[in-house]
Amino acid sequence: MKEIEQLLTLPGNGVFTVNTGKEKKEKLMQAYYGTKDVEKAKAKWSKTFQKMTPDRPWVIGIPSDNGGGIQRGANWGPLVLRQEILSQHKNFLDLGDVRVIPHLLHDKYLNDETLKLCRKALYGKANKLPVSPLSIAERALHDLYKAHPSARILGFGGDHSTSYPLVKAWLESRKNLKKAALLHFDAHTDLLDRRLGIDICFGTWTYQILEHLATPDHVVQVGIRSSGKTKKYWKEHTGVEQLWAHEVIKWGVEKTYKKIRDQYKKLGVEEVYVSFDIDALDEKFAAATGTPEKEGLSPTDCAALLRLLSDDFKITGADLMEVAPFVWPAGVEPRDQQSSLTVAGDMARVLLEVLAK
Ligand SMILES: [Mn+2]
């Protein structure tokens, strides 16, 4: 069995269930493989790895919310995002989900005994494979880019810590780092160096990715509005460029885009990775997430920004994070909950569209 087939499982199956919750997965399995039987579906899924050509975008799910911590539930994001896009967009190759032990985050936080026991649980034997979701994702993505350097991969999270392995592996596979930039949509900066002592989580991942970029101002953040510190503080302390939500709303799409383009052109950037935290959108469009925020961006403006970006730069990696389908913040009506999932599906389709260009 190939390593990649041990690290991943079929689409939507990365959330571990035995009995409770398994009905959530059956509809997607039926749609993908025409069966609700996991073993039969797995046999069909494993054939995916015989037809891997980078002629269209690939999708990978990382259904872990263990790097979150205010309101979890983004572990169901990859499954529901696929359900939202499947009827209208089939032009992607789905590699499946990273296998997730929901109590783990990254292997560096584990002792030898736990590593041994978790390897036995996941792989059924002693080996050297990673066991925590971020570590498995990093290994899988590293292997994928090594074999297919021109792959364009869309990651579905998961809390935003799951962008860390996606972006890190993307950066490590680029030949010239100066030409590679990160465009990060978010209500929050995710620029803490540590959160309660933990260095890789939803509040820190962008800070921790900075050392892997050519320079910190290869990161442009769009939609920031919930921060204990000012824009000036973040610029001085991290070097990251930020366009806050109130500025984007005041400027409109074209002026905002010009600022992004000018920054990247100045640096000689040619290709961009887009990391999209759904809470960049205003809470009325994105209720189904752990930390919804008011006074945010509109899906139409974000889609327009992404399409303009794809005219001038190659978008070769992307992710959609923090969609928590079964999370209902106070005051959210069932109707608004479903419409926020429809909006998330729309954003996923826009990301696939610009990746395919
Ligand atoms: Mn985030």
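Just so you know, these numbers come straight off a predicted model, no measurement behind them.

(A) Geometry of the overall build of the protein chain. Of the regular secondary structure elements, the protein chain holds 12 helices and 9 strands. Here the C-alpha atoms of the protein chain give a radius of gyration of 19 Å, agreeing with the 21 Å that 2.2 N^0.38 yields for 357 residues. In terms of its C-alpha atoms, the protein chain occupies a principal-axis envelope of roughly 55 × 45 × 40 Å. Across the 357 residues that make up the protein chain, the buried fraction comes to 60%. When contacts within the protein chain are restricted to residue pairs at least 6 apart in sequence, long-range pairs at least 24 apart make up 75% of them. Total accessible area on the protein chain stands at roughly 15200 Å², and carbon and sulfur atoms take up 52% of it. Charged side chains in the protein chain number 51 positive and 46 negative. The centres of these two groups are separated by 4 Å.

(B) Molecular detail of the coordination of the manganese ion. Protein-derived coordination of the manganese ion comes from His160 (ND1), Asp186 (OD), Asp190 (OD) and Asp277 (OD), at a distance range of 2.1 to 2.3 Å. Read N to C, the donor residues that coordinate the manganese ion are spaced as H-x25-D-x3-D-x86-D. Of the two residues, aspartate 186 is situated in the loop between strand S5 (180-185) and helix H8 (205-209) and aspartate 277 in strand S8 (residues 271-277); the sequence distance between them amounts to 91 residues. Residues aspartate 186 and aspartate 277 agree in their burial class; the two are buried.

(C) Highlighting a positive patch on the surface. A grouping of Lys40, Lys44, Lys47 and Lys51 is seen on the molecular surface, where their side chains present a positively charged patch. Inspection of the secondary structure assignment puts lysine 40 in helix H3 (residues 38-45). A relative accessible area of 55% places lysine 40 in the exposed class.

(D) Up close: the environment of valine 131. As for its placement among the helices and strands, valine 131 is situated in the loop between helix H5 (112-123) and helix H6 (133-147). You can call valine 131 buried: its relative accessible area is 0%. On a C-alpha basis, the gap between valine 131 and isoleucine 101 in space is 7.4 Å, while along the polypeptide they are 30 residues apart. The contacts of valine 131, once residues within four sequence positions are left out, are Ile101, Leu104, Asp107, Leu110, Leu115, Cys118, Arg119, Leu122, Tyr123 and Ile136.

(E) Examining the packing of aromatic side chains more closely. In the structure shown here, the tally under the stated rule is 7 aromatic pairs. Residues tryptophan 45 and phenylalanine 49 carry aromatic rings whose centres are separated by 5.2 Å and whose planes lie at 90° to one another, so their mutual orientation is edge-to-face. Like phenylalanine 49, tryptophan 45 is buried. Stacked on the ring of tryptophan 76, the Lys or Arg lysine 24 has its end atom at 5.2 Å from the ring centre. The ring of phenylalanine 313 carries lysine 265 above its face, with NZ or CZ at 4.8 Å from the centroid.

(F) The arrangement of the pattern of salt bridges in detail. Scanning all chains against the criterion turns up 19 salt bridges. The shortest N-O distance in the salt bridge between glutamate 138 and lysine 168 comes to 2.5 Å. Of this pair, glutamate 138 sits in helix H6 while lysine 168 sits in helix H7 (residues 163-172); the two residues are 30 residues apart in sequence, bridging distant segments of the chain. For the pair glutamate 138 and lysine 168, a shared accessibility class is recorded, and that class is buried.

(G) Spotlight on the side chain of glutamine 263. Within the fold, glutamine 263 resides in helix H10 (residues 245-267). Within polar-contact distance, the side chain of glutamine 263 engages the backbone oxygen of aspartate 217 at 2.9 Å. Those residues in contact with glutamine 263, other than ones at most four positions away along the chain, are Asp217, Val220 and Glu241.

Rules behind the numbers
- Residues numbered from 1 in each chain as written.
- Predicted model: local features only at pLDDT ≥ 70, side-chain atom pairs only at ≥ 80, totals over all residues.
- Heavy atoms only, no water.
- Helix = DSSP H or I, 4+ residues; strand = E, 2+ residues; numbered from the N terminus.
- Rg over C-alpha atoms; globule rule 2.2 N^0.38 Å.
- Buried < 20%, exposed > 50% of the residue type's maximum accessible area, 1.4 Å probe, protein only.
- Contact = heavy atoms within 4.5 Å.
- Areas by Shrake-Rupley, 256 points an atom, 1.4 Å probe, with all protein chains shown as cover.
- Lys, Arg positive; Asp, Glu negative; His and termini not counted.
- Charge placed at Lys NZ, Arg CZ, Asp CG, Glu CD.
- Donors = N, O, S within 2.8 Å, 3.2 Å for Na, K, Ca; no water.
- Patch = residues over 30% accessible without salt bridge, like charges linked within 9 Å, V, L, I, M, F, W, Y side chains within 5 Å.
- Salt bridge = Lys/Arg side-chain N within 4 Å of Asp/Glu carboxyl O.
- Phe/Tyr/Trp six-rings, centres within 6.5 Å; stacked < 30°, edge-to-face > 60°.
- Lys NZ or Arg CZ within 6 Å of the ring centre and 35° of its normal.
- Polar contact = N/O pair within 3.5 Å; in protein donor to acceptor, adjacent residues only side chain to side chain.

Geometric values such as these leave the question of function open.
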